[in-house]
Amino acid sequence: MGRELHEVYFIDGVRTAFGRAGEKGVFWRTRADDMAVKVVRELLRRNPGLQPERVDDVVMAATAQVGDQGLTLGRDVALLAGLPETVPGFAVDRMCAGALTAITAGAGEIAMGAADVVLVGGVEHMGQHPMGADVDFNPRFVAERLIDESAAVMGQTAENLHDAFPQLTKEAADAYAVESQRRAGKAWDDGVMDEIVTPMSVFTDEGWTVADRDQFLRPDTTMEALATLRTPFRAGGRVTAGNSAGLTDGATAALISSKSAAAELGLEPKMRLVGFAYAGVEPHLMGLGPVPATEKVLARAGVTMDDIDLFELNEPFAVQVLTWCDGVGVAPEDPRLNPYGGAIACGHPLAATGVRLMAQLARGFRDRPDSRYGLTALCIGLGMGAAILWENLQNGG
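On a predicted model such as this, the values are computed, not experimentally measured, just so you know. (Residues numbered from 1 in each chain as written. Predicted model: local features only at pLDDT ≥ 70, side-chain atom pairs only at ≥ 80, totals over all residues. Heavy atoms only, no water.)

Caption draft 1: Structural detail: the pattern of salt bridges. A complete count under the given rule lists 22 salt bridges for this structure. For Lys170, the salt bridge goes to Asp174, with nearest N and O atoms at 2.6 Å. Taken together, the residues span about one helical turn, with Lys170 and Asp174 both in helix 6 (residues 170-189) at a distance of four residues. Accessibility expressed as a relative area gives 14% for Lys170, which makes it buried. One salt-bridge network, held together by shared partners, links Glu7, Arg272, Arg372 and Glu391. (Salt bridge = Lys/Arg side-chain N within 4 Å of Asp/Glu carboxyl O. Helix = DSSP H or I, 4+ residues; strand = E, 2+ residues; numbered from the N terminus. Buried < 20%, exposed > 50% of the residue type's maximum accessible area, 1.4 Å probe, protein only.)

Caption draft 2: Molecular detail of the side chain of Arg15. Examined against the element boundaries, Arg15 turns out to sit in strand 1 (residues 8-15). Judged by relative accessible area, which is 1%, Arg15 ranks as buried. Within the structure, the side chain of Arg15 is placed 2.8 Å from the side chain of Asp214, a separation counted as a polar contact. Once residues within four sequence positions are removed from consideration, Arg15 is found in contact with Val39, Trp188, Met193, Ile196, Val197, Thr198, Asp214, Ala251, Thr252, Cys346 and Arg356. (Polar contact = N/O pair within 3.5 Å; in protein donor to acceptor, adjacent residues only side chain to side chain. Contact = heavy atoms within 4.5 Å.)

Caption draft 3: Region of the structure containing the packing of helix 10 (residues 290-301) against helix 11 (residues 318-328). Where helix 10 contacts helix 11, the two axes come as close as 9 Å, and the packing angle between them is 40°. It follows that helix 10 is oblique to helix 11 by the angle criterion. Judged by the twist between their axes, the crossing of helix 10 over helix 11 is right-handed. Listed contacts from helix 11 to Pro290, Val291, Thr294 and Glu295 of helix 10 are Gln320, Thr323, Trp324, Gly327 and Val328. Residues of the contact of helix 10 with helix 11, tallied by class, amount to four nonpolar, four polar and one charged. (Axes fitted to C-alpha atoms, helices over the stretch in contact; angles between N-to-C directions. Parallel < 35°, antiparallel > 145°, perpendicular 65-115°, else oblique. Left-handed = near helix turned anticlockwise from the far one by under 90°. Nonpolar A, V, L, I, M, F, W, Y, C, P; charged D, E, K, R; others polar.)

Caption draft 4: Main features of the packing of helix 1 (residues 32-46) against helix 2 (residues 73-80). Close contact between helix 1 and helix 2 brings their axes to 9 Å; oriented N to C, the two are set at 60°. The orientation of helix 1 with respect to helix 2, classified from their angle, is oblique. As for the relative orientation of helix 1 and helix 2, their crossing is right-handed in sense. Each of Asp33, Ala36, Val37, Val40 and Arg41 in helix 1 lies in contact with helix 2, whose residues at this interface are Leu73, Asp76, Val77 and Leu80. In terms of residue class, the contact of helix 1 with helix 2 is built from six nonpolar, no polar and three charged.

Here it is, written out as structure tokens:
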């Protein structure tokens with residue numbers, strides 16, 4: 001029996017501010033699941049046409065699925081956010097592509113007709129749950145040389161990229177970082193982030209305050225300042241705190257739906273999901289992952305890089321962005337690439353980041369109404385990459 005696939009629309013996406021992980025971070029005394037609840041409630045507030053009982057599923061991602069971001073996180077967050085008991089939920093983990101995988105999982109439900117409306121997102125409290133802290137790596141990985149030891153330390157994989165591509169210098173990485181900070185600062189000054197970031201009241205050692213701005217934002221960063229930073233992953237290395245994303249706490253959530261549900265509920269779609277792809281690469285060169293993922297999704301959709309008007313690429317390390325640029329033929333200073341800055345300026349709370357990319361892409365589409373296609377992509381620990389191709393629905397298309 002034949003089956004009709006349904007179009008998937010991105011309706012809205014929000015995030016918390018991203019805080020510094022650890023005791024100096026604004027979210028140090030805030031639970032991870034409460035951060036996720038905040039952004040889910042904000043989506044419901046911003047889209048009053050959506051009755052809570054019409055949500056068919058809640059998909060939430062976390063890399064460290066323990067403690068306050070454990071359980072079956074999607075169901076946990078759904079109940080805490082006040083959704084009816086009839087609304088199910090589940091959790092996913094694909095490390096840095098957690099929220100992006102939540103999107104594609106929910107999209108699969110919608111495309112197959114198993115759901116009409118899905119809430120998706122991710123959360124990571126890296127201050128309470130440091131990456132790898134509760135992981136027991138199988139000794140066979142190293143003993144049998146299945147992977148290089150450096151594959152388990154993301155900063156070392158970034159140093160490996162510098163080794164593999166010596167033309168991608170520390171100076172080029174620092175220059176990219178300076179520009180990311182500048183663009184992010186401008187985006188905040190222009191009010192772009194006011195639309196994407198929802199303030200959250202949090203309790204700190206100094207009392208109650210409002211988390212409403214990214215703690216790693218340094219728009220006045222200079223090349224001279226970055227040149228003085230130490231290289232923690234290797235003596236005389238090239239990866240520093242200045243050309244990397246900081247360890248971060250934060251949460252994101254997005255609302256996706258079928259075309260028919262959007263029309264019925266009066267939701268205003270911003271993007272149409274055209275296609276997506278995941279790919280694997282050598283684990284110790286993890287940052288290469290977005291290159292084959294990008295190539296794969298474009299080939300499947302029958303479009304080329306010249307057809308893409310906007311790119312939102314994660315920035316765990318500046319050198320990772322440079323390898324993607326080198327691999328797909330995009331200049332690092334291209335105005336289509338991360339026009340509002342990226343993770344070097346705002347931080348990278350692992351499983352939450354994918355929705356941040358999508359929310360910024362949706363805003364970029366609105367600011368550039370003549371644009372048609374956009375790409376969200378990122379690298380993933382242990383040697384993977386992910387990419388989603390979107391079409392702009394805010395230009396009358």
